[in-house]
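Descriptive structure summary
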Amino acid sequence: RAVRVLAGLDYRGECRHAFRRLGILTLPSVYILDTLLYIRGNEHLFTAHRDIHKHNTRDKNNLVTRYCRLEKCQKRPEFMGIKLFNLLPHRIRVLPLRSFKTQLKAILVRGSFFSVKEFFDFTFV
């Protein structure tokens, strides 16, 4: 509602473009940002595929998700964070933390995602 007021839209107007124009993150984007910053800041706590084996595979830099049988467990920030982190291009993952946050926030503002699923469907350029 506040974004609609700031952008001068009526109460039923499409506000996705307003989020982009104003540079404001949507609520799912804030969740994604905070989750990925936690994973990136504590990357040493997680296991990567390169730590398990020495084979030169395509996904050697991806983090390993722990087995979770229940959907409740799969929605935890640690599990979802690893899945989101593995989705990012390698060039963004290896940036210093400050640059990582800046690049990630730019992606999230540009995408103005209204769900985490939209982020999973997003194509990185």
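Use the structure listed above.
No experiment lies behind these values; they were computed from the predicted model shown. (Residues numbered from 1 in each chain as written. Predicted model: local features only at pLDDT ≥ 70, side-chain atom pairs only at ≥ 80, totals over all residues. Heavy atoms only, no water.)

**Points about the overall build of the protein chain**
Across its full length, the protein chain holds nine helices and zero strands. If one aligns the C-alpha atoms of the protein chain with their principal axes, the spans along those axes are about 55 × 35 × 20 Å. Burial status across the protein chain gives 35% buried among its 125 residues. Residue pairs at least 24 apart in sequence account for 56% of intrachain contacts in the protein chain once pairs closer than 6 positions are excluded. For the protein chain, the computed accessible surface area is about 8500 Å², with 55% contributed by carbon and sulfur atoms. When the 24 basic and 10 acidic side-chain charges of the protein chain are each reduced to a single mean position, those positions are 3 Å apart. (Helix = DSSP H or I, 4+ residues; strand = E, 2+ residues; numbered from the N terminus. Buried < 20%, exposed > 50% of the residue type's maximum accessible area, 1.4 Å probe, protein only. Contact = heavy atoms within 4.5 Å. Areas by Shrake-Rupley, 256 points an atom, 1.4 Å probe, with all protein chains shown as cover. Lys, Arg positive; Asp, Glu negative; His and termini not counted. Charge placed at Lys NZ, Arg CZ, Asp CG, Glu CD.)

**What about the environment of His17?**
Position of His17 among the secondary structure elements: in helix α2 (residues 16-22). As for His17 and Phe79, which are separated by 62 residues in sequence, their C-alpha atoms are 30 Å apart. Of the polar contacts made by the side chain of His17, one reaches the side chain of Arg20; its length is 3.2 Å. (Polar contact = N/O pair within 3.5 Å; in protein donor to acceptor, adjacent residues only side chain to side chain.)

**Considerations on the packing of helix α3 (residues 27-41) against helix α8 (residues 97-111)**
At their nearest, the axes of α3 and α8 sit 10 Å apart, and the two run at 160° to each other. One element, α3, and the other, α8, form an angle in the roughly antiparallel class. Here α3 and α8 pass one another in a crossing that is right-handed. Counted together, Ser29, Ile32, Leu33, Leu36, Leu37, Arg40 and Gly41 of α3 and Leu97, Phe100, Lys101, Leu104, Lys105 and Leu108 of α8 form the full contact between these two elements. Its residues assigned to classes, the contact of α3 with α8 shows eight nonpolar, two polar and three charged. (Axes fitted to C-alpha atoms, helices over the stretch in contact; angles between N-to-C directions. Parallel < 35°, antiparallel > 145°, perpendicular 65-115°, else oblique. Left-handed = near helix turned anticlockwise from the far one by under 90°. Nonpolar A, V, L, I, M, F, W, Y, C, P; charged D, E, K, R; others polar.)

**Thoughts on the pattern of salt bridges**
As enumerated under the stated definition, the model contains six salt bridges in all. Its salt-bridge partner being Arg16, residue Glu14 comes within 4.0 Å of it at the nearest N-O pair. The closest approach of N and O atoms between Arg40 and Glu43, which form a salt bridge, is 3.8 Å. On the basis of relative accessible area, Glu43 is assigned to the partly exposed category, the value being 23%. The structure contains a network of salt bridges with shared partners spanning Glu14, Arg16 and Glu118. (Salt bridge = Lys/Arg side-chain N within 4 Å of Asp/Glu carboxyl O.)

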